[in-house]
Amino acid sequence: MDINGVGWLTAIIVGGLAGWIAEKAMRSDMGLLMNIILGIVGAVVLNAILAALDTSLGVGWVAFLITGILGACLLIFLARLVRGRG
């Protein structure tokens with residue numbers, strides 16, 4: 001795994017932090033494992049969207065953190081829309 005120049009261990013740690021920040025920003029209630037998953041998957045999804053738009057937020061753990069937070073917020077928002085609680 002090499003997203004934004006970040007390795008596996010860093011992705012787990014920073015992904016967990018990104019998921020936690022997104023959880024607080026979106027007033028959601030999830031556990032540690034879900035925060036990690038949301039942060040990592042959110043970063044992957046937003047990186048794919050940004051790559052399709054031929055842009056990027058940068059390289060490194062700070063860019064991964066920002067991408068993870070924004071991506072996780074997007075995923076929480078979309079999940080709420082699907083559930084009807086948007």
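Above: the structure in question.
Not measured: the values here are computed from a predicted model.

Colleague: Can you help me understand helix α2 (residues 32–52) in this one?
Modeller: What sets the pattern is the α-helix's 3.6 residues per turn: residues three or four places apart point alike. When the terminal C-alpha atoms of α2 are compared, their 30 Å separation across 21 residues agrees well with the 30 Å that a helix rising 1.5 Å per residue should span. Residues of α2 that are buried: Asn 35, Ile 36, Leu 38, Gly 39, Ile 40, Gly 42, Ala 43, Leu 46, Asn 47 and Leu 50. Structurally, α2 contributes buried residues whose contacts are with α1 (8–25) and α3 (61–83).

Colleague: What exactly am I supposed to notice about the nonpolar core here?
Modeller: What tends to happen in soluble globular proteins is that the nonpolar side chains get buried as a cluster. One finds Ala 22, Phe 64, Leu 65, Ile 69, Cys 73 and Ile 76 to be the most contacted residues of the largest nonpolar core, which totals 15 residues. Breaking this core down by element, the ones donating at least two residues are α1, α2 and α3. At 6 residues, α3 tops the list of elements feeding residues into this core. Not counting residues within four places of it along the chain, the set of residues in contact with Ala 22 comprises Ile 69, Ala 72, Cys 73 and Ile 76.

Colleague: In this structure, what is going on with unusual backbone geometry? I would like to understand it.
Modeller: What you tend to see is this: most non-glycine residues have negative phi, and most peptide bonds are trans. Even without glycine at this site, Arg 27 takes up a positive phi of about 50 degrees. Along the polypeptide, Arg 27 turns up in the loop between α1 and α2. Taking the relative accessible area as the measure of exposure, Arg 27 reaches 75% and is therefore exposed.

Colleague: How do you make sense of α1 when you look at a structure like this?
Modeller: Counted at 1.5 Å a residue, the expected span for α1 with its 18 residues is 26 Å, and the 25 Å between its end C-alpha atoms agrees. What α1 keeps buried is the set Ala 11, Val 14, Gly 15, Gly 16, Ala 18, Gly 19, Ala 22 and Glu 23. In this fold, the buried residues of α1 make contact with α2 and α3. Downstream of α1 by one or two residues, Arg 27 has phi in the positive range, about 50 degrees.

Colleague: Mind showing me how you'd approach the environment of Gly 42 here?
Modeller: Mapped onto the secondary structure, Gly 42 falls in helix α2. Residue Gly 42 is classed as buried on the basis of its relative accessible area of 0%. C-alpha of Gly 42 to C-alpha of Ala 22: the two residues are 20 residues apart in sequence and 9.9 Å apart in space.

Colleague: What is the right way to look at the packing of α1 against α3 in this model?
Modeller: Helix packing for two helices is described by the angle between their axes and how far apart those axes are. Taken N-terminus to C-terminus, the directions of α1 and α3 make an angle of 45 degrees; their axes are 8 Å apart at the nearest point. With respect to α3, the axis of α1 lies oblique. Like other packed secondary-structure pairs, α1 and α3 cross with a definite hand, here right-handed. Here α1 contributes Thr 10, Ala 11, Val 14, Gly 15, Leu 17, Ala 18, Ile 21, Ala 22, Glu 23 and Ala 25 to the contact with α3, which in turn contributes Trp 61, Phe 64, Leu 65, Gly 68, Ile 69, Ala 72, Cys 73 and Ile 76. For the contact of α1 with α3, the per-class residue count stands at 14 nonpolar, 3 polar and 1 charged.

About the criteria used
- Residues numbered from 1 in each chain as written.
- Predicted model: local features only at pLDDT ≥ 70, side-chain atom pairs only at ≥ 80, totals over all residues.
- Heavy atoms only, no water.
- Helix = DSSP H or I, 4+ residues; strand = E, 2+ residues; numbered from the N terminus.
- Expected span 1.5 Å × (residues − 1).
- Buried < 20%, exposed > 50% of the residue type's maximum accessible area, 1.4 Å probe, protein only.
- Contact = heavy atoms within 4.5 Å.
- Core = buried A, V, L, I, M, F, W, Y, C linked by side-chain atoms within 4.5 Å.
- Axes fitted to C-alpha atoms, helices over the stretch in contact; angles between N-to-C directions.
- Parallel < 35°, antiparallel > 145°, perpendicular 65-115°, else oblique.
- Left-handed = near helix turned anticlockwise from the far one by under 90°.
- Nonpolar A, V, L, I, M, F, W, Y, C, P; charged D, E, K, R; others polar.

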